Amino acid sequence: SISSNAVNDPFGNALQIEAARKAYLGDRSPTDPRVSPLYADMKGFPPLLMQVGSREISLDDTLRLADKAKQAGVDVTTEVLPGMIHQWQLFPFWLDDARKSNQRAAEFALAHFADKPRQ
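Every value quoted in this text rests on a predicted model; they were computed, and no experiment measured them. (Residues numbered from 1 in each chain as written. Predicted model: local features only at pLDDT ≥ 70, side-chain atom pairs only at ≥ 80, totals over all residues. Heavy atoms only, no water.)

## Details of the environment of P37
With respect to the element layout, P37 can be found in the loop between α1 (14–25) and β1 (48–53). In this structure, the C-alpha to C-alpha distance between P37 and L25, residues 12 residues apart in sequence, is 13 Å. (Helix = DSSP H or I, 4+ residues; strand = E, 2+ residues; numbered from the N terminus.)

## A word on the side chain of Q51
Mapped onto the fold, Q51 is located in strand β1. One polar contact links Q51 to E79, side chain to side chain, over a distance of 3.0 Å. Polar contacts involving the side chain of Q51 include one to the main-chain carbonyl oxygen of S101, which spans 3.0 Å. Leave out the neighbours within four places in its chain, and Q51 touches E56, E79, W88, Q89, S101, R104 and A105. (Polar contact = N/O pair within 3.5 Å; in protein donor to acceptor, adjacent residues only side chain to side chain. Contact = heavy atoms within 4.5 Å.)

## As for the nonpolar core
Formed by M42, M50, L65, A66, A69, V74 and V76, the largest nonpolar core amounts to seven residues. When residues in this core are grouped by element, the largest group, three residues, is from helix α2 (residues 59–71). Once residues within four sequence positions are removed from consideration, V74 is found in contact with M42, F45, P46, L48 and A69. (Core = buried A, V, L, I, M, F, W, Y, C linked by side-chain atoms within 4.5 Å. Buried < 20%, exposed > 50% of the residue type's maximum accessible area, 1.4 Å probe, protein only.)

## A few points about the pattern of salt bridges
A full pass over the atoms with the stated rule returns six salt bridges. A salt bridge links E18 to R21; the nearest nitrogen and oxygen atoms lie 2.8 Å apart. Residue E18 and its partner R21 are both found in helix α1; the two are separated by three residues, about one turn of the helix. Accessibility expressed as a relative area gives 36% for R21, which makes it partly exposed. The salt bridge involving D32 is made with R34; its shortest N-O contact spans 2.7 Å. Residue classification places D32 among the buried positions, given a relative accessible area of 11%. In this structure R34 comes out as exposed when scored by relative accessible area, which is 71%. One network of salt bridges, with partners in common, ties together D96, R99 and K100. (Salt bridge = Lys/Arg side-chain N within 4 Å of Asp/Glu carboxyl O.)

## A look at α2
Here α2 is 13 residues long and its end C-alpha atoms lie 19 Å apart, about the 18 Å a rise of 1.5 Å per residue gives. Taken together, the buried positions of α2 are L59, T62, L65, A66 and A69. An end-on view of α2 places all buried positions within 130 degrees of arc, on one side of the element. For α2, the elements touching its buried residues are β1 and β2 (76–81). Phi for G73, located one or two positions after α2, is positive at around 90 degrees. (Expected span 1.5 Å × (residues − 1). Arc of directions from axis to C-beta.)

No statement about biological role is implied by the geometric values presented.
As structure tokens, this is what we get:
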């Protein structure tokens, strides 16, 4: 999806990803499990909610991570939002899908917190 969604996602492209990757990794290997959960032992991870847009450049990577987590026995909820680009959740004042995604994220967090908020 880095290639196939490059024209669809104004918030990311291969050059930006490469620059961010270099800045994040420094001199560490991209397969170091301390910097990439794709190479880590994910057993014991908490429940994960993964929201990704169908037009995001990170779609494939998100689905790969969700699959790896599921294989490790992690409770994973994956939502692929049709037509959404990277970071659509930042625009709840413009996008109904952003409001709904943010609400689902809040509900997910509340359902999985050890200490429930007072009613």
